[in-house]
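Structural overview for review
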Amino acid sequence: MNTQQVWTKYAEDLKRFILSKVSDPDVSEDILQDTFIKIHTKLHTLKDITKLKPWIFSIARNTINDHFKNLQKSYKEGSLLETPTSEDTPNQHTEKDCLVGILKGLPKKYRTPLFLYDIKGMKQQEVAVYLQQNLATTKSQIQRARKLIAKGFMDCCGYVLNEKGKLVGEIQDKKDCKICK
């Protein structure tokens with residue numbers, strides 16, 4: 001069997017499998033292409049053609065794992081926290097200034113899943129797999145991080161929760177802010 005025949009027979013199944021593990025369709029297409037490059041270069045090493053399907057799915061699984069490892073390498077916690085504080089004027093104090101301070105103060109066990117889910121756009125299940133923990137723990141950590149951020153705004157600038165549970169208030173002067181000063 002050649003690569004074209006493998007593609008014709010298994011490409012759609014592999015595409016669905018990869019998409020079930022990686023939520024981004026563009027990323028899943030890239031992983032599919034990488035998988036078939038590996039299949040093409042190693043097909044001659046397969047000794048038992050009856051094991052073709054499990055072999056190609058193993059390659060796909062390993063390629064998905066490589067994707068998450070590369071994501072982990074490129075993940076720099078500081079990248080979110082090193083954003084410029086104010087685009088208007090350097091002396092103006094904004095919610096963004098407070099947010100950066102609040103995020104820096106979050107424990108890593110809450111900051112990391114929040115970053116991966118809310119900023120990187122990973123599914124909660126993907127975050128759980130990436131962090132090698134169960135889904136319930138991941139969900140709990142994300143919710144706890146959000147509560148800590150809300151508490152940070154309440155502590156920092158005197159925001160309050162309205163009757164709908166939304167933060168309301170106005171940003172204080174930087175000199176009065178407990179986190180940014």
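Described below are features of the structure shown in this document.

What counts and what doesn't
Residues numbered from 1 in each chain as written. Predicted model: local features only at pLDDT ≥ 70, side-chain atom pairs only at ≥ 80, totals over all residues. Heavy atoms only, no water. Core = buried A, V, L, I, M, F, W, Y, C linked by side-chain atoms within 4.5 Å. Buried < 20%, exposed > 50% of the residue type's maximum accessible area, 1.4 Å probe, protein only. Helix = DSSP H or I, 4+ residues; strand = E, 2+ residues; numbered from the N terminus. Salt bridge = Lys/Arg side-chain N within 4 Å of Asp/Glu carboxyl O. Axes fitted to C-alpha atoms, helices over the stretch in contact; angles between N-to-C directions. Parallel < 35°, antiparallel > 145°, perpendicular 65-115°, else oblique. Left-handed = near helix turned anticlockwise from the far one by under 90°. Contact = heavy atoms within 4.5 Å. Nonpolar A, V, L, I, M, F, W, Y, C, P; charged D, E, K, R; others polar.

Looking now at the nonpolar core. By size, the foremost hydrophobic cluster in this structure holds 26 residues, and its most contacted members are Val6, Leu14 and Ile56. Contributions of two or more residues to this core are made by α1 (3-21), α2 (25-42), α3 (52-74), α6 (108-119) and α7 (124-131). Among the elements that make up this core, the one with the highest residue count is α3 (8 residues). With 15 residues, the next largest nonpolar core counts Leu103, Tyr110, Leu148 and Cys156 among its residues.

The subject of this paragraph is the environment of Asp34. Considering the arrangement of structural elements, one finds Asp34 in helix α2. On the basis of relative accessibility, which here comes to 38%, the residue Asp34 falls in the partly exposed class. Separated by 29 residues in sequence, Asp34 and Thr63 place their C-alpha atoms 7.2 Å apart.

Moving on: the pattern of salt bridges. Opposite charge on two side chains lets them pair, provided their charged atoms get close. Inspection of every chain in the model, using the stated rule, returns 4 salt bridges. Ionic pairing is found between Arg16 and Asp13, a salt bridge with its closest N-O pair at 2.5 Å. Here Arg16 pairs with Asp13, and both are found in helix α1, just 3 residues apart, close to one helical turn. When its relative accessible area of 28% is taken as the criterion, Asp13 is described as partly exposed. With a closest N to O distance of 3.1 Å, Lys15 and Glu29 form a salt bridge. A residue pair is termed long-range when its members are at least 10 positions apart, and Lys15 in helix α1 and Glu29 in helix α2 qualify at 14 residues. We classify Lys15 as partly exposed; its relative accessible area is 30%.

Viewed as axis vectors pointing N to C, helix α5 (residues 95-105) and helix α8 (residues 135-157) meet at an angle of 120°, and their least axial separation amounts to 10 Å. The angle between α5 and α8 falls in the class oblique. Considering how the two elements wind past one another, α5 and α8 form a crossing that is right-handed. Note on element contacts: α8 touches α5 through Leu148, Ile149, Gly152, Phe153, Cys156 and Cys157, opposite Glu95, Cys98, Leu99, Ile102 and Leu103. Grouping the amino acids of the contact of α5 with α8 by side-chain chemistry returns 9 nonpolar, 1 polar and 1 charged.

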